[in-house]
Amino acid sequence: MIRKIWVLLFIPVLLSILMLPAFAAEAAPEEDHWICLLCGSEADGSVCPVCSSVRGVWRCHSCRERNLSGACRSCGKQRDDSLQEQAFCGDAMYAFPAVRYLAAQGHGDALCALAGYYEKGLILPRDPEAALACTLRACETEYAPAWLMAGKIYDRGELAERDEFKAMECFLKAAESGIPEAFWYLGVFYEEGFAVTRDTAKAMEYYRLAGEAGDADSWMSIAACYALGKGVERDFTEALAYYEKAAESGSHLACDYLGYQYMSGELVEQDTEKGLDYYRKAAELGNSRSMMALAYAWMTGQGVDPDPGEAARWYELAALAGRADAAEMLAQLQH
Ligand SMILES: [Zn+2]
Ligand SMILES: [Zn+2]
């Protein structure tokens with residue numbers, strides 16, 4: 001408890017130090033400095049230097065009409081609603097002007113989204129420092145998921161130097177707001193002894209909190225503790241119960257794992273019907289490894305009558321989910 005209080009007191013100080021470059025990188029726009037709402041470029045003067053649009057022109061997200069006032073002259077949609085919808089529509093290229101504009105206005109969710117553009121080098125040049133700066137600025141806006149993002153940045157050590165202590169502080173802040181994944185990270189930190197003394201019992205407590213808060217994969221972490229006898233007595237029956245709990249809660253990883261176990265009969269009694277069911281569930285949840293396994297089962301007749309057409313269908317889905325090996329298998333099948 002004392003440690004936690006110390007950490008909480010320390011965070012504002014830490015942030016004020018960390019944030020210095022942030023304000024320089026993504027400062028709120030000054031009066032004569034603006035973000036073009038049509039192309040996302042930074043502009044001075046009255047006309048965008050890239051797309052020549054006049055300052056303040058925006059495109060309605062609903063009807064695509066170009067407007068200058070606060071409401072769409074064609075469908076009546078409010079400008080702020082339109083920008084919000086555009087920024088989080090899922091199409092990164094199209095969303096960019098709205099994201100950059102809202103980020104400059106200090107919206108935490110948009111700042112986090114903008115960090116993603118800097119991280120990937122999408123539209124903007126790749127800039128790890130700016131990505132971190134945007135994320136830390138988002139932390140200041142009470143947008144709690146930003147703390148989770150910042151924690152991940154410090155934990156991964158790709159955009160900034162790896163720092164377990166800063167990561168831990170960020171995950172604690174995110175957990176205070178009840179973000180399920182943050183509890184999972186705290187569990188990992190206690191299990192691995194990152195920034196804290198290793199404590200498997202505490203790790204399992206955090207995994208449980210994460211699972212109860214809706215992070216389905218966290219039940220898998222508890223399952224793994226039982227399977228490996230980490231901090232608890234090794235107990236595969238208990239492990240299996242947690243893998244099943246994870247699968248029921250919607251963890252595609254758990255479904256894929258159980259699919260493999262029932263197909264192979266490695267740790268449970270072989271049951272191909274059950275195995276294929278789990279693979280199907282995992283595939284429906286987007287697990288490309290399970291799609292590959294299903295394709296293989298249909299190709300070789302594992303628990304089903306061989307069906308090259310069905311195999312090809314699963315290889316195609318796996319390829320669409322980003323698996324290059326699936327595209328190769330599909331090409332072979334079609335020869
Ligand atoms: Zn422009
Ligand atoms: Zn409209």
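1. Side note on the overall build of the protein chain
Looking only at helices and strands, one finds 17 helices and four strands in the protein chain. Taken along the three principal axes of its C-alpha coordinates, the protein chain extends 70 × 60 × 35 Å. Out of the 335 residues in the protein chain, the part that is buried amounts to 41%. Summarising the internal contacts of the protein chain: among those between residues at least 6 apart in sequence, 41% fall at separations of at least 24.

2. What about the nonpolar core?
Among soluble globular proteins, nonpolar side chains are generally buried collectively. Ranked by internal contacts, the top residues of the largest apolar core, which has 98 residues, are V99, L114, C134, F171, Y243 and A295. Beyond its immediate stretch of four places on either side in the chain, F171 contacts G151, A182, Y185 and L186.

3. Let's talk about the packing of helix α4 (residues 92–104) against helix α5 (residues 108–120)
Their axes nearest at 8 Å, the elements α4 and α5 cross at an angle of 125 degrees. As judged from the angle between their axes, α4 and α5 are oblique. Here the hand of the crossing between α4 and α5 comes out left-handed. Taken together, the residues of α5 that come into contact with α4 (itself represented by F96, V99, R100, L102 and A103) are A110, L111, A113, L114 and Y117. Classifying every residue of the contact of α4 with α5 gives nine nonpolar, no polar and one charged.

4. Let's talk about the environment of N287
In this structure, N287 sits in the loop between α14 (272–284) and α15 (288–300). Sequence spacing of N287 and A227 is 60 residues, and the spatial spacing of their C-alpha atoms is 22 Å. Beyond its immediate sequence surroundings of up to four residues, N287 is in contact with H252, C255, D256 and A282.

5. Looking at helix α12 (residues 236–248)
The end-to-end C-alpha distance of α12, which contains 13 residues, comes to 18 Å, matching closely the 18 Å that a straight helix rising 1.5 Å per residue would cover. Within α12, burial applies to A239, Y242, Y243, A246 and A247. The buried residues of α12 occupy an angular sector of 145 degrees when projected down its axis, which confines them to one face. At its buried positions, α12 is contacted by α11 (217–228), α13 (252–264) and α14. Trailing α12 by a residue or two, G250 shows a phi angle of about 100 degrees, which is positive.

6. With respect to helix α7 (residues 145–156)
When the terminal C-alpha atoms of α7 are compared, their 17 Å separation across 12 residues agrees well with the 16 Å that a helix rising 1.5 Å per residue should span. In terms of burial, α7 is a largely internal element, nine of the 12 residues being buried. Listed in full, the buried residues belonging to α7 are A146, W147, L148, M149, A150, G151, I153, Y154 and D155. Residues of α7 that are buried in the fold lie against α5, α6 (128–139), α8 (164–176) and α9 (180–192). One or two positions beyond α7, positive phi appears at G157, with a value near 70 degrees.

7. As for the environment of A239
Within the element layout of this structure, A239 appears in helix α12. Judged by C-beta crowding, with 21 C-beta atoms within 10 Å, A239 ranks as buried. Considered as a pair, A239 and M93 are 146 residues apart in the sequence and their alpha carbons are 44 Å apart. With residues up to four places along the chain from it excluded, the contact list for A239 reads A223, Y226 and A227.

8. Side note on the confidence of the model for the protein chain
In the predicted model, the protein chain carries a mean pLDDT of 92, and 91% of its residues have values of at least 70. Taken together, the stretch residues 1–26 has pLDDT below 50 and engages in 26 contacts with residues farther than four places along the chain or on a different chain.

Definitions and cut-offs
- Residues numbered from 1 in each chain as written.
- Chains lettered and ligands numbered in written order.
- Predicted model: local features only at pLDDT ≥ 70, side-chain atom pairs only at ≥ 80, totals over all residues.
- Helix = DSSP H or I, 4+ residues; strand = E, 2+ residues; numbered from the N terminus.
- Buried ≥ 20, exposed ≤ 12 C-beta atoms within 10 Å, placed from the backbone.
- Contact = placed C-beta atoms within 7 Å.
- Core = buried A, V, L, I, M, F, W, Y, C linked by C-beta atoms within 7 Å.
- Axes fitted to C-alpha atoms, helices over the stretch in contact; angles between N-to-C directions.
- Parallel < 35°, antiparallel > 145°, perpendicular 65-115°, else oblique.
- Left-handed = near helix turned anticlockwise from the far one by under 90°.
- Nonpolar A, V, L, I, M, F, W, Y, C, P; charged D, E, K, R; others polar.
- Expected span 1.5 Å × (residues − 1).
- Arc of directions from axis to C-beta.
- pLDDT = per-residue confidence, 0-100.

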